[in-house]
Amino acid sequence: AKELLEDLRDEVFLCTEEQFQSDRRALLPMVEKLFAMTAELDRRYAERKRAQNALDFSDLEHFAVRLLLDPETGRPTPLAASWSVRFAEVMVDEYQDTNQVQNAIFTAVSDGGRTLFQVGDVKQSIYRFRLADPTIFLDKYRRFQDGEEAGAGEPRRRVLSRNFRSRPQVLEGCNDLFRAVMSRDFGEVDYTDDQALVPGAAFPPGEDDALELDVLDLSFLGEQEEGEREDKNRLEARWAARRIRALLDQSLMVKDGDGTRPLRPSDVMILLRSPGVVLHHYLRALSEEGIPWSADGGGDLFDTTEVNVALALLQIVDNPRQDVPLIAALRSPVFGFDGDKLAFLRAGAKGDFYTAVSEAAGRGDQACRDFLTELEELRFGAGERTCRQLIWHIYEKTNLLGLFGAMPGGQERQDNLLALYALARQMEDSGCRSLFQFLLRLERLRQTGAKLPSSGSGREGEGVSILSIHRSKGLEKPVVLVCGLSRRLNRDDLMRPVLFHPVLGVGPKGLDRERMVEYPTLARRAVSRQLEREMMAEELRLLYVAMTRAQEKLILSVALTEGARALERLAQEAAVPVPAAALERQQSVGAWVLLH
């Protein structure tokens, strides 16, 4: 009870009218100045675009609104009326992802909305970061009469609840979960019978375990030494790869036309909320299990900086007396020698560049000493490792994945390095095990003009797909694994100095000038609270999108570093339906799944 009261204290907005007005008076000049600066920036930016005869994407929308709606009255202009008569109907798909500007355009060219036909599912509105506003859809859904109950000429709604994608068991699991956790208070819409998914497709008889929830007990991580502690994401990735391998080995049968066939790697999709920082764990785990994969990316490995750096490191491990790869390695982010430094080394010695570096190290050049020490560590035991093992050894010793992952386009760069690792595994399986053989085969490929795909261990469409949930929208696969559900909800946007909400307005911090401390104003707390609720509603909809991608089998994984203690804590709040307040207190989507 004490803990609940502590949580409740943060929900109560305590402020006298005098305090509120005092904050408003103090902050008003700063907010006005901020808005004036924003307007001035917009004006200057527009001038630059006009000077260059250029438009950006949002200009197309906003200029269209100016042409179609009177800025004073908001009524359609004569131009809008002339366009409206041209269309018998204006049909809009994915209406749940409409923003206010787009909605104004649709309404203006459809005779005030009288010829507007909209299709969408508000539970799949996942683009708030693009200003998609699900309340537009919800407002009409709640106002419009159902089907034939509406009078002539009145707006009406029709609920299309039949699902032609998934097995009944998958849909039953989705309905069971979202009936318990999605509501108007938490998720912005009540998951009623109208919203529930009704099976519409015929499937051959299959296994009963079409829906699977796996809770991984990683409490042992807390017992490991700090420096030796395993990465939670790496362990979950290994578990996912082994689970996929088990499904492939047991020849799970999936629908194929009117019959069935054994499961293929291309029938499997792994969905992650934000693949960027954890993707390399999943690619490595799949490669270790011998499972082909495909991930975002493309192009030729030979054209990428990061792969050329990795190849240069492999070449100097094989033979450091090669000037071109040696200089490439020294100039890379791994060692950071600049052009002046390299020129100085070249001018100060005779012979090859390795000799120049060695002589500089002998004269006390610390950077050269460090390089030679690290190179010796990389070369030590290299002959006893397969090429694949050596590549991963180099990645770990030089932190190559981390270095390139921190650069612009970091995720794609990491994918390319992992694709090189996967390629080494493929060649190793075909008998190319030594470093010399691997480099020789790559050089022959380069000379013949062959291109290597810059991500994936197989051709596109042949391997396990690894996607963000946003990228999976509209896709479907027989088997879907939704992983990383224990990832903490991202509240970073709520930490910004000034918060904005389209309805509540501005939420700035206050400043006590005498004590020089910042404090949250009532306005900021209100805006922050509403933004947090909307963020959690979006995360819940993302879970809905992810779960409804599965056709035959859906697997959810939640990795708990506290193990049984976390489950015991959740059990104290578990209920059906789960109260909104209990859901709001949780730190991850996985906790919502486990609560019901």
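Positions within a chain are numbered from 1, following the residues in the order the chain's sequence is written. Since the coordinates come from a predicted model, pLDDT governs what is reported: local features require at least 70, and pairs of side-chain atoms require 80 or more to be given and counted, while whole-chain, interface and lining totals use all residues. Excluded from the side-chain calculation are hydrogens and water; included are all heavy atoms of the structure.

Q: Which parts of the structure should I look at to understand the overall build of the chain?
A: Counting its secondary structure elements, the chain contains 23 helices and 17 strands. Reported as C-alpha extents along the three principal axes, the dimensions of the chain are approximately 90 × 70 × 65 Å. For the exposure calls, accessible area comes from a 1.4 Å probe over protein chains only, and a residue counts as buried if that area is under 20% of its type's maximum, exposed if over 50%, partly exposed in between. Within the chain, the fraction of its 596 residues that count as buried is 45%. What makes two residues a contact is simply this: any of their non-hydrogen atoms within 4.5 Å. Pairs at least 24 apart in sequence give 73% of the contacts found in the chain among residues at least 6 apart. Numbered from the N terminus, helices here are DSSP runs of H or I no shorter than four residues, and strands are runs of E no shorter than two.

Q: Help me out: how do you make sense of the packing of helix α10 (residues 305-318) against helix α14 (residues 366-379) in this one?
A: A pair of packed helices can be characterised by two numbers: the angle between their axes and the separation between those axes. Two elements in contact, α10 and α14, have axes separated by 9 Å at closest approach and are oriented at 80°. Judged by the angle between their axes, α10 and α14 are roughly perpendicular. Side by side, α10 and α14 meet where I316, V317 and D318 of the first sit next to F371, L375, L378 and R379 of the second. Taken together, the residues that form the contact of α10 with α14 break down as five nonpolar, no polar and two charged. Note on definitions: angles span 0 to 180 degrees between N-to-C directions of axes, and those axes are lines fitted to C-alpha atoms, for helices only across the stretch in contact. Here is the rule for angles: anything less than 35 degrees is roughly parallel, anything more than 145 is roughly antiparallel, 65 through 115 is roughly perpendicular, and the remaining ranges are oblique. All residues other than Ala, Val, Leu, Ile, Met, Phe, Trp, Tyr, Cys, Pro, Asp, Glu, Lys and Arg, Gly among them, are scored as polar; the first ten of these are nonpolar and the last four charged.

Q: Help me understand the sheet that holds strand β13 (residues 477-482), please; the structure alone is not making it clear to me.
A: As a general point, the strands of a sheet are linked pairwise by backbone hydrogen bonds and lie either parallel or antiparallel. Pairing is parallel across the open sheet formed by six strands, whose spatial order is β7-β17-β13-β10-β12-β11. The sheet is open, and its two borders are formed by β7 (211-217) and β11 (293-295), each paired with just one other strand. Sheet twist, expressed as the average angle between the axes of neighbouring strands with direction ignored, equals 20°. Two strands pair when backbone bridges link them, and strand β10 (residues 268-272) and β13 are joined in this way by four bridges, in the parallel orientation. Of the residues in β13, the one forming a bridge with V268 is V479. Two strands qualify as a pair provided that DSSP identifies no fewer than 2 bridges between them.

Q: What's the story with the environment of A537 in this structure? I'm lost.
A: The topology assignment puts A537 in helix α20 (residues 522-547). Each C-alpha atom, one on A537 and one on M407, is 32 Å from the other, the two residues being 130 residues apart in sequence. Beyond its immediate chain neighbours, meaning those up to four positions away, A537 contacts G187 and E188.

Q: In this structure, what is going on with the packing of aromatic side chains? I would like to understand it.
A: Describing an aromatic ring pair means giving the distance of the ring centres and the angle of the ring planes. In this scheme Phe, Tyr and Trp rings, the latter by its six-membered ring, pair at centre separations within 6.5 Å, and the angle between planes marks the pair as stacked below 30 degrees, edge-to-face above 60, and tilted otherwise. On inspection of all chains with the given rule, the structure shows 11 aromatic pairs. Ring plane angle 80° and centroid distance 5.2 Å describe the contact between F178 and Y544, whose orientation is recorded as edge-to-face. With a gap of 366 residues between them, F178 in helix α7 (residues 168-181) and Y544 in helix α20 connect regions that are remote in the sequence. Comparing F178 with Y544 shows no difference in burial state: the two are buried. Ring geometry for Y191 versus Y544: centroids 6.5 Å apart, planes at 65°, classification edge-to-face. Within this pair, whereas Y191 is found in the loop between α7 and β6 (198-199), its partner Y544 is found in helix α20, the two being separated by 353 residues in sequence. For Y191, a relative accessible area of 6% corresponds to the buried category. A relative accessible area of 1% places Y544 in the buried class. Chaining the aromatic ring pairs together yields one cluster made of F178, Y191 and Y544. The ring of W83 has R86 sitting right over it, with the charged end atom 4.1 Å from the ring centre. Both a distance and an angle decide whether a charge sits over a ring: NZ of Lys or CZ of Arg must be within 6 Å of the ring centre and within 35 degrees of the ring normal.

Q: Explain unusual backbone geometry here, please?
A: Excluding glycine, a negative phi dihedral is what most residues carry, and trans is how most peptide bonds are arranged. For the peptide bond that leads from V576 to P577, omega is -5°, which places it in the cis range. Looking at the element boundaries, P577 is found in the loop between α21 (564-571) and α22 (580-584). Its identity as a non-glycine residue notwithstanding, E188 has a phi of 70°, on the positive side. The topology assignment puts E188 in the loop between α7 and β6. Although it is not a glycine, M516 adopts a positive phi angle of roughly 55°. Position of M516 relative to the elements: it lies in the loop between β15 (505-512) and β16 (517-520). We classify M516 as exposed; its relative accessible area is 57%.

Q: Just to check I follow, could you spell out the sheet that holds β15 for this structure?
A: In spatial order, the strands read β14-β15-β16; together these three strands make up an open sheet with antiparallel pairing. In this open sheet, the two edge strands, each paired with only one partner strand, are β14 (498-501) and β16. Averaged over all pairs of adjacent strands, the angle between their axes in this sheet comes to 30°, without regard to strand direction. Helix-sheet contacts for helix α2 (residues 17-51) involve β14, β15 and β16, and the interaxial angle to β15 is about 120°. Packing against the sheet, α20 makes contact with β14, β15 and β16, and its axis sits at approximately 60° to β14.

Q: Any chance you could explain the packing of helix α13 (residues 353-362) against α14 here in plain terms?
A: Remark: α13 packs on α14, axes separated minimally by 8 Å, with the N-to-C direction vectors making an angle of 120°. Taken together, α13 and α14 sit at an angle that is classed as oblique. Between α13 and α14 the crossing geometry is left-handed. Judged by residue contacts, Y354, V357, S358, A360 and A361 of α13 engage C368, R369, F371, L372 and L375 from α14. Class assignment for the residues of the contact of α13 with α14 results in eight nonpolar, one polar and one charged. The hand of a helix crossing depends on one turn: near helix anticlockwise from the far one by less than a right angle means left-handed, and clockwise means right-handed.

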